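Letter by letter, the chains look like this.
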Amino acid sequence: MQLSGAEIIVQFLKDEGVEYVFGYPGGAVLHIYDALFQQEAVRHILVRHEQGATHAADGYARSTGKPGVVLVTSGPGATNAVTGIATAYMDSIPMVVLTGQVSTTSIGSDAFQEVDAVGITRPCVKHNFLVKNAHDLAATLKKAFYIATTGRPGPVVVDIPKNITDPKIKIPYLYPASVSLRSYQPSPQGDPGQIKRALELVLAAKQPMIYTGGGVVWSHASKELTDFTRRLGYPITNTLMGLGSYPATDKQFIGMLGMHGTYEANMAMHECDVLLAVGARFDDRVTGDTKLFCPHAKIIHIDIDPASISKTVRVDVPIVGDVKHVLIDMITLLQDNKRKPDATALAAWWKQIDAWRGKDCLRYDRASKLIKPQAVIEKLYEITQGEAYITSDVGQHQMWAAQFYKFNQPLRWINSGGLGTMGFGLPAALGVQLAHPKATVACVTGEASIQMCIQELSTAMQYSLPVKVINLNNRYMGMVRQWQEFFYESRYSHSYMEALPDFVKLAESYGHVGMRIDKPGEVEAALKEAFALKNRLVFLDFITDQKENVYPMIAAGKAHNEMHLSSERELA
Amino acid sequence: MRHIISILMENESGALSRVSGLFSARGYNIESLTVAPTEDASLSRMTIVTRGSDVVIDQITKQLNKLVDIVKLADITEGRHIERELMLIKLRAADKDQRAEVKRLTDIFRGRIIDVSESSYIIELTGSGDKLDAFIAAIDPTAIVETVRSGSTGIARGENSLQIT
């Protein structure tokens, strides 16, 4: 087949099975856009800002497990995409970003809309390429998808100079069905000796704890994790990124851990004698003070990325491998092993955990005359029957969503955990809705975050994406305000949102439905009304209690047993 | 501890900046870095001299291994190895005494005088970094016009080797 560079790109995407490309045209990518125009297999979603394109592709990826694809132009197109690329990088999300570039003959001349995209994105991509010859296009694109989706996933940028896509120059094209790279060969199998050692340690535990993260989601190992954990009867906690990989309504699940994790999860971490970490990376928001982290525990760590092992916390039994493969091996060994968990010790351990549970650490004032943000999330959970895809922005609302929406399935909770990118939620929700047209999709946000990518309401209208926006409007950058209250003697420096728009009118001006809810008694009815509007985007502006804080809380750098339960109930 | 990390990497544009970028982004220190193609033109061999605790060195090697362009690496300081660095040093050598002194020191350090002018000598010296440091220390500092050092390269002794199998 003789094709131009631009046609090769589009044909390749089709052959690779790409359904959607999220993008924004510009000079350097016009040839590619012209090729996109002349076919229907690959659908292009026009966003309103390149950051939105990356987050939408990211939402698509996080809710499907497939790579998200982005197409942006050179210069500002590429730089606007950087935040979304870094967001995907920090959370190990498979994404391929095609950036236009000025022609090879102009590179380095400070040409119009020229930026060193490969240089700028280098620290926040898994890998990137500059294509200097049209004959390399197909192979490079194949490598990009392969690298993005295998091993520990991540974003890959392919920078494509305009002359490489010249429609007048036709070259042969053949879809490269496979790829092999001598310098990149991820190995999914864990070491059998290490797996055996790990299982012996797990079975010998008296106060065991299982701590799992996003790696379980990305390895599609939810089923194996659930099976393994239930066979043992051990308590399990999930990180923010791992929510949904173990059913949250199961009795062995003791909630999220970390800075805003449950009392029982954090105390169990502190007191456990064996910790099994699965696809989690001992992030500082999880560990607190690493010197005081799990002080009594032998630690086993399963991770596909060797560099994650003993990075912040030294582990005793490392297992490098794909979580799914390793868990399958462990389940097989467990079935063959005569040794059973110590039932007496485990019963005592559960008694202790149940006592911690008894503190009811997520308790809040249900009789308040103001709308409590937690109550909105609880109602959202009830009305969507726990079946919705929930995206979130970053801040207090994100933590409340994580605490109060009980995710029973993976790929349902979509949030920017590592980078903490405000503005992520709405465009991500659009990507999720496109991937799952019939599903219920809600974006939990706040009046500060939503304004960072509010322009994507226009994209939602263009493609009829009936996302429900749950705006927890407390007129503050809530998490900033909370830290200022706790650590800066309530000096609320620049955290108050003055001159807010009328979100109802704003939503209406984009052609959507807007609702303002300011009484606790109206919350349920409003949510029901909104979710009944199956084909409309509804923007629900909940006027919430301005002073509500996220509890429990471990201050940065403190230990798991140094939790604040609420303003009245201080230390644990 | 001082470590010498030998790296085989794809000889692609930008590969060097991936490595140097990794070191600056993660706050690792680089004492020296050298790179050149190998007998296989598709591969470059890089030698990095760095310092850090065992934990830091472990992270450095893991993070380097994670870079897609890196094919293979080894910390050659873990085993018996040879380390060499090249230095070219231009010294003031105008009068007879100075010339004799420089010649004598060069012989002691087994260096070579490779350029002679009316007022200066250029000395070529190879050896470990310590040896080059010792030479500089032995020279009258006011006599040094300029110094060029290649950074250390190294290779494992005996059967051990860094190659693609």
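Check the entry above for the structure.
Residues numbered from 1 in each chain as written. Chains lettered and ligands numbered in written order. Predicted model: local features only at pLDDT ≥ 70, side-chain atom pairs only at ≥ 80, totals over all residues. Heavy atoms only, no water.

1. Looking at the pattern of salt bridges
All names here are of chain A.
- Throughout the structure, instances matching the rule amount to 39 salt bridges over all chains.
- Of the charged contacts, one joins E224 and K324 as a salt bridge, the two residues approaching to 3.5 Å between their closest N and O atoms. One end of the pair, E224, is in helix 9 (residues 222–232); the other, K324, is in helix 12 (residues 323–336), and 100 residues separate them in sequence.
- With a shortest N-O distance of 2.8 Å, E489 and R491 are connected by a salt bridge.
- Each of K379, E382, E524 and K528 takes part in a single network of salt bridges with overlapping partners. (Salt bridge = Lys/Arg side-chain N within 4 Å of Asp/Glu carboxyl O. Helix = DSSP H or I, 4+ residues; strand = E, 2+ residues; numbered from the N terminus.)

2. As for the sheet that holds strand 3 (residues 43–51) of chain B
All names here are of chain B.
- Strand order in the open sheet formed by four strands is 2-3-1-4, with antiparallel pairing between adjacent strands. The open sheet terminates on both sides in strands that have one partner only, identified here as strand 2 (32–37) and strand 4 (70–75). The sheet shows a mean angle of 15 degrees between the axes of neighbouring strands, direction not considered.
- Taken together, the six bridges between strand 2 and strand 3 define a ladder with antiparallel strand orientation. Residue pairing for strand 3: T34 is matched across the bridge by T47. (Pairing = 2+ DSSP bridges. Axes fitted to C-alpha atoms, helices over the stretch in contact; angles between N-to-C directions.)

3. A few points about the interface of chain B and chain A
- Contacts between chain B and chain A engage 19 residues on the former and 17 residues on the latter.
- Interface area for chain B against chain A, summed over the two sides, is near 1500 Å², with a carbon-plus-sulfur share of 45%.
- Across the contact surface, chain B and chain A share two salt bridges.
- At the junction of chain B and chain A, the tally comes to ten residue pairs in polar contact (both at pLDDT 80 or more).
- Where the side of chain B that touches chain A is concerned, the elements lending two or more residues are helix 1 (15–25), helix 2 (54–66) and strand 4 of chain B.
- Looking at which element gives the most residues to the side of chain B that touches chain A, the answer is helix 2 of chain B, with five residues.
- Taken together, the residues of the side of chain B that touches chain A break down into six nonpolar, six polar and seven charged. (Contact = heavy atoms within 4.5 Å. Buried area = accessible area lost by both parts, 1.4 Å probe. Polar contact = N/O pair within 3.5 Å; in protein donor to acceptor, adjacent residues only side chain to side chain. Nonpolar A, V, L, I, M, F, W, Y, C, P; charged D, E, K, R; others polar.)

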